[in-house]
Amino acid sequence: MNNNKLENWEEKVLNNYLDGTQLKKIPASRKKRLVILRWLVRKFEEKVTYTERQVNEIISQHHSDYATLRREMIGYQLMEREKGFYWRLPAALWKSENEIR
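What counts and what doesn't
Residues numbered from 1 in each chain as written. Predicted model: local features only at pLDDT ≥ 70, side-chain atom pairs only at ≥ 80, totals over all residues. Heavy atoms only, no water. Salt bridge = Lys/Arg side-chain N within 4 Å of Asp/Glu carboxyl O. Helix = DSSP H or I, 4+ residues; strand = E, 2+ residues; numbered from the N terminus. Buried < 20%, exposed > 50% of the residue type's maximum accessible area, 1.4 Å probe, protein only.

**Student:** Would you take a moment to explain the pattern of salt bridges for this structure?
**Tutor:** Opposite charge on two side chains makes pairing possible when the charged atoms of those side chains draw close. Enumeration according to the criterion identifies four salt bridges in this entry. Of the charged contacts, one joins Arg-33 and Glu-72 as a salt bridge, the two residues approaching to 3.1 Å between their closest N and O atoms. Of this pair, Arg-33 sits in helix H2 (residues 30-41) while Glu-72 sits in helix H4 (residues 66-75), and the two are 39 residues apart along the sequence. Looking at Arg-33, the relative accessible area reads 16%, which means it is buried. Ionic pairing is found between Glu-57 and Arg-53, a salt bridge with its closest N-O pair at 3.5 Å.

**Student:** Honestly, unusual backbone geometry in this entry has me stumped. Any pointers?
**Tutor:** A positive phi angle is found at Lys-47, which is not glycine, with a value near 65°. With respect to the helices, strands and loops of the structure, Lys-47 is situated in the loop between H2 and strand S3 (49-51). We classify Lys-47 as exposed; its relative accessible area is 85%. Even without being a glycine, Lys-83 presents a positive backbone phi close to 50°. Looking at where Lys-83 falls in the secondary structure, it is placed in the loop between strand S4 (79-82) and strand S5 (85-88).

So far we have only geometry, and geometry alone does not tell us how the molecule works.
In structure tokens form, the structure reads like this:
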């Protein structure tokens, strides 16, 4: 997909799964889930370290299942965690859908 088509598709995914800033449901499709997780991880500032409680509070503003979404952001390598602290990875380091294990 070229960039314009990709951006249009991602916008459509966001429109389908979001009601304002509320996530209606977590997509089952890995590709769509990645779009949602990238939207969500942008709610965190770069170069800021968060406690698990802070991460949960930010995520819960958008969806009640903060534990699943927190784990997914780690699993999709959008955030990292160490000793109970979390931080957002720079967008340049985010993996594409094909690179994620």
